[in-house]
Amino acid sequence: MSQPVSDVAALIPRPEKSPAALKAALAVVASARLPEMVEGQTRAMAAAIEAGSVNPIRAFVAHWATVVEIERVPATARAYHRANYLANHAATVEECRRHAGEVATIYRSAFGAVNE
């Protein structure tokens, strides 16, 4: 079972929930994901303009705050990536479901920690 996200052994402090702070934090903990974040930010801004609502930007910030929360704690990041890998390479549907459930549990825990 997954362990809750905590500040124990965190690489960096939890950043504030702003696109700039999250981008700076992501550059430290998972720099390879920066292009994905920038693309997501562009899509969120376009969706916000089209919808006339800030909700797409809020969803973008909530998601990337969660990603940074997972990545800033090495043990949590390892567990998350391992479960994701195993779900994608499972030999059976049952095995895939079990590992996908672990991915979801870790994500929900991180989401709750930063988006309460």
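Residues numbered from 1 in each chain as written. Predicted model: local features only at pLDDT ≥ 70, side-chain atom pairs only at ≥ 80, totals over all residues. Heavy atoms only, no water.

Chemist: Residue-level account of the packing of helix H2 (residues 34-51) against helix H3 (residues 55-71), with values.
Modeler: Two elements in contact, H2 and H3, have axes whose closest approach is 8 Å; the angle formed by their N-to-C orientations is 160 degrees. Looking at the two axes, H2 sits roughly antiparallel to H3. On the side of H2, the interface is formed by Glu 36, Met 37, Gly 40, Gln 41, Ala 44, Met 45, Ala 47 and Ala 48, while H3 contributes Pro 56, Ile 57, Phe 60 and Trp 64. Grouping the amino acids of the contact of H2 with H3 by side-chain chemistry returns nine nonpolar, two polar and one charged. (Axes fitted to C-alpha atoms, helices over the stretch in contact; angles between N-to-C directions. Helix = DSSP H or I, 4+ residues; strand = E, 2+ residues; numbered from the N terminus. Parallel < 35°, antiparallel > 145°, perpendicular 65-115°, else oblique. Contact = heavy atoms within 4.5 Å. Nonpolar A, V, L, I, M, F, W, Y, C, P; charged D, E, K, R; others polar.)

Chemist: Could you give me a rundown of the pattern of salt bridges, with the residues and numbers involved?
Modeler: In total, this model carries four salt bridges according to the counting rule given. The shortest N-O distance in the salt bridge between Glu 36 and Arg 33 comes to 3.0 Å. A residue is classified by how much of its surface remains accessible, and Glu 36, at 38% relative accessible area, is partly exposed. Its relative accessible area of 21% is what places Arg 33 among the partly exposed residues. One salt bridge connects Glu 69 with Arg 72, and the closest N-O pair in it is separated by 2.9 Å. Exposure class is identical for Glu 69 and Arg 72. Each is buried. (Salt bridge = Lys/Arg side-chain N within 4 Å of Asp/Glu carboxyl O. Buried < 20%, exposed > 50% of the residue type's maximum accessible area, 1.4 Å probe, protein only.)

Chemist: With reference to specific residues and values, describe the packing of helix H1 (residues 19-29) against H2.
Modeler: Orientation of H1 relative to H2, taken along the N-to-C sense of each, is 165 degrees, at an axis distance of 10 Å. Relative to H2, H1 is oriented roughly antiparallel. Taken as a pair, H1 and H2 cross one another with a handedness that is right-handed. Facing H1, whose interface residues are Pro 19, Leu 22, Lys 23, Leu 26 and Ala 27, H2 presents Leu 34, Met 37, Val 38 and Gln 41. Across the contact of H1 with H2, the residue classes break down as seven nonpolar, one polar and one charged. (Left-handed = near helix turned anticlockwise from the far one by under 90°.)

Chemist: So what's going on with helix H4 (residues 74-88)? Which residues, and what values?
Modeler: The end-to-end C-alpha distance of H4, which contains 15 residues, comes to 21 Å, matching closely the 21 Å that a straight helix rising 1.5 Å per residue would cover. By the burial criterion, the buried members of H4 are Thr 76, Ala 77, Tyr 80, Ala 83 and Ala 87. Each buried residue of H4 sits inside an arc of 140 degrees when the element is viewed along its axis, so together they form one side. Opposite the buried face of H4, at more than 90 degrees from it, the exposed residues are Arg 78 and Arg 82. Each element contacted by the buried residues of H4 is listed here: H3 and helix H5 (93-114). (Expected span 1.5 Å × (residues − 1). Arc of directions from axis to C-beta.)

Chemist: How would you explain the nonpolar core if you had to name every residue and give the values?
Modeler: Ranked by internal contacts, the top residues of the largest apolar core, which has 15 residues, are Leu 22, Leu 26, Met 37, Phe 60, Trp 64 and Val 68. Put simply, the parts of the chain that give this core at least two residues each are H1, H2 and H3. The element best represented in this core is H3, accounting for six residues. If we ignore the near neighbours within four places in the chain, the residues touching Leu 22 are Pro 15, Glu 16, Met 37, Val 61, Trp 64, Ala 65 and Val 68. One finds Ala 83, Val 103, Ile 106 and Ala 110 within the second-largest nonpolar core, a separate group that totals six residues. (Core = buried A, V, L, I, M, F, W, Y, C linked by side-chain atoms within 4.5 Å.)

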